[in-house]
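Fold and geometry: a report
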Amino acid sequence: MSTPLYQLKAEFFKTLGHPARIRVLELLSERDHTVAEMLPEVGIEAAHLSQQLAVLRRANLVVSRKEGATVHYSLTSPLVAELLKVARQILADVLSGQAEILQDLRASESTAPTSHRG
């Protein structure tokens, strides 16, 4: 019996569910990076970054290639970068909607009668 697609999708999104992994994928969406290049951008310890890269490699989202003593990381598919772009657009739309609601609430507060307690 094969795993249902919705369960595989849930596992995929769990893999993406860590801020350091998202940041790594964002960096790799721009170009290939080494660990040394990513460290200051991701802001975690080298050992922790290596663990996060291992998770991404196991999920086949990232591949590594060695050039001498240096290891370069890259995305396995440009679709990963596209997914991050779509996620950013969705988030912007959600936040924009929330900003409009907040603006409406603030506007209604300024016109609402105030009650005074004695």
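Heads up: the structure comes first, above all this text.
First, a word on scope: everything that follows refers to the structure included in this document. (Residues numbered from 1 in each chain as written. Predicted model: local features only at pLDDT ≥ 70, side-chain atom pairs only at ≥ 80, totals over all residues. Heavy atoms only, no water.)

Points about the pairing of strand β2 (residues 62–67)
Where β2 meets strand β3 (residues 70–75), 6 bridges bridge the pair, whose relative direction is antiparallel. Its bridge partner lying in β3, Lys66 is registered against Val71. Between β2 and the antiparallel strand that follows it, β3, lie 2 residues; Gly68 among them carries a positive phi value of about 70°. (Pairing = 2+ DSSP bridges. Helix = DSSP H or I, 4+ residues; strand = E, 2+ residues; numbered from the N terminus.)

A look at the sheet that holds strand β1 (residues 33–34)
Hydrogen bonds between backbone groups are what pair the strands of a sheet, and the pairing can be parallel or antiparallel. If you trace the 3 strands from one edge of the open sheet to the other, you get β1-β3-β2, paired in antiparallel fashion. Among the strands making up the open sheet, the edge pair consists of β1 and β2. Where helix α2 (residues 19–30) meets the sheet, it contacts β1, β2 and β3, and its direction lies at approximately 90° from that of β3. (Contact = heavy atoms within 4.5 Å. Axes fitted to C-alpha atoms, helices over the stretch in contact; angles between N-to-C directions.)

A short note on a nonpolar patch on the surface
A cluster of nonpolar side chains, Val86, Ile90 and Val94, forms an exposed patch at the surface whose accessible area comes to about 230 Å². Inspection of the secondary structure puts Val86 in helix α5 (residues 78–111). Val86 sits in the partly exposed class, given a relative accessible area of 34%. (Patch = residues over 30% accessible without salt bridge, like charges linked within 9 Å, V, L, I, M, F, W, Y side chains within 5 Å. Areas by Shrake-Rupley, 256 points an atom, 1.4 Å probe, with all protein chains shown as cover. Salt bridge = Lys/Arg side-chain N within 4 Å of Asp/Glu carboxyl O. Buried < 20%, exposed > 50% of the residue type's maximum accessible area, 1.4 Å probe, protein only.)

As for the pairing of β3
One ladder, built from 2 bridges, connects β1 with β3; its direction is antiparallel. Residue pairing across strands places His33 opposite Tyr73, the latter belonging to β3.

Some points on the environment of Phe12
With respect to the helices and strands, Phe12 occurs in helix α1 (residues 5–16). The partly exposed category is assigned to Phe12, whose relative accessible area is 30%. Between the C-alpha atoms of Phe12 and Ala59, which are 47 residues apart in sequence, the distance is 7.6 Å. When neighbours within four sequence positions are excluded, Phe12 is seen to be in contact with Leu61 and Leu83.

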